Amino acid sequence: MTMLQQTMQIAPQSVRSSRAWRKLKANKSAVVGLVIIAFFVTLAVVAPLLPIADPMATSWSAIRKAPSAAHWLGTDDIGRDILSRMIWGARASLMAGVFSVGIAVAIGVPLGLISGYFGGWIDMIISRVTEAFLAMPFLIMAIALAAFLGPSLFNAMIAIGLSAMPLFVRLTRGQVLSVKTEDYVEGARSIGLGHYQIITRYILPNVFSPLLVQASLTIATAIIAEASLSFLGLGQQPPAPSWGSMLNVAKNFLSQAPWMAMWPGAAIFLVVIGFNLLGDGLRDALDPREA
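This section reports on the structure supplied with the text. (Residues numbered from 1 in each chain as written. Predicted model: local features only at pLDDT ≥ 70, side-chain atom pairs only at ≥ 80, totals over all residues. Heavy atoms only, no water.)

Here we look at the packing of aromatic side chains
Consideration 1: On inspection of all chains with the given rule, the structure shows three aromatic pairs.
Consideration 2: Centroid distance Phe40 to Trp243: 5.8 Å. Interplanar angle 75 degrees. Geometry classified as edge-to-face. Of the two residues, Phe40 sits in helix H3 (residues 28-46) while Trp243 sits in helix H10 (residues 243-250), which places them 203 residues apart along the sequence.
Consideration 3: Here Phe40 falls in the buried class, since its relative accessible area comes to 8%.
Consideration 4: For Trp243, a relative accessible area of 1% puts it in the buried group. (Phe/Tyr/Trp six-rings, centres within 6.5 Å; stacked < 30°, edge-to-face > 60°. Helix = DSSP H or I, 4+ residues; strand = E, 2+ residues; numbered from the N terminus. Buried < 20%, exposed > 50% of the residue type's maximum accessible area, 1.4 Å probe, protein only.)

Put into structure tokens, the structure is as follows:
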């Protein structure tokens, strides 16, 4: 009977996945978010193949030119094409968002699993350290870590990932505490399965959905954080393009060349909206209480 219950618990996973996908496709705002994300990801991937100008090539005869047929989005303060810098900047911003959240998940989820599953003094130590990290504002902590590690895109991703890590520790721990008392987990213990097997086969798959939703929402936050760090000179370093560094330059020419700030600002806005819409759609699609 115990094995039958476990089989029944695992078998509906594919059914739930299919139902979640149908619900996600039916959610118009989530589809819009997915289309926005797919558009920018495609631009970032095919950037080397596009017939656009060199994003770092300067032209002293085209300084701060308004959008035209030659430069669709205009040029910046040293004559670089804004369209090409926007497209190449998408690579830095999206990579920073995905990799920083990957760092946060890779560190935070195992710590949360260990803390919630074993409890006791292990839980106490991890929880107290997590609370100490959560007591510091996310962006302030990211700025401090980036300043300590040194200005570069790689260090900015590490700083953002470490700053976002406590969110995943707390979320994972809370989910594990509610799942580990379920009957199928108790059944796995009764047949002699080890801790590693119970965690990987029965607990982790059942806490994956909220973690996926949190990750999609945190990517949006990480993209804003990377733009903020680049704006402060702690992220992507010139002359390499980044939306944040483009805004840093554009702030000095808001009255003479507003398009320099308009396009990178719009790109950040759209990508963040896309990930937020997708995250909301995933939350609704993966919620078992929703029909």
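Details of the nonpolar core
Consideration 1: Ranked by internal contacts, the top residues of the largest apolar core, which has 65 residues, are Ile203, Trp243 and Phe275.
Consideration 2: Examining the composition of this core, we find that 15 residues originate from one element, helix H9 (residues 195-231), more than from any other.
Consideration 3: With residues up to four places along the chain from it excluded, the contact list for Ile203 reads Leu113, Tyr117, Val176, Val179, Lys180, Val185 and Ile198. (Core = buried A, V, L, I, M, F, W, Y, C linked by side-chain atoms within 4.5 Å. Contact = heavy atoms within 4.5 Å.)

Here we look at a nonpolar patch on the surface
Consideration 1: On the surface, a cluster of nonpolar side chains totalling about 430 Å² of accessible area is made up of Trp121, Met124, Ile125 and Val129.
Consideration 2: With respect to the helices, strands and loops of the structure, Ile125 is situated in helix H5 (residues 120-134).
Consideration 3: For Ile125, a relative accessible area of 43% gives the class partly exposed. (Patch = residues over 30% accessible without salt bridge, like charges linked within 9 Å, V, L, I, M, F, W, Y side chains within 5 Å. Areas by Shrake-Rupley, 256 points an atom, 1.4 Å probe, with all protein chains shown as cover. Salt bridge = Lys/Arg side-chain N within 4 Å of Asp/Glu carboxyl O.)

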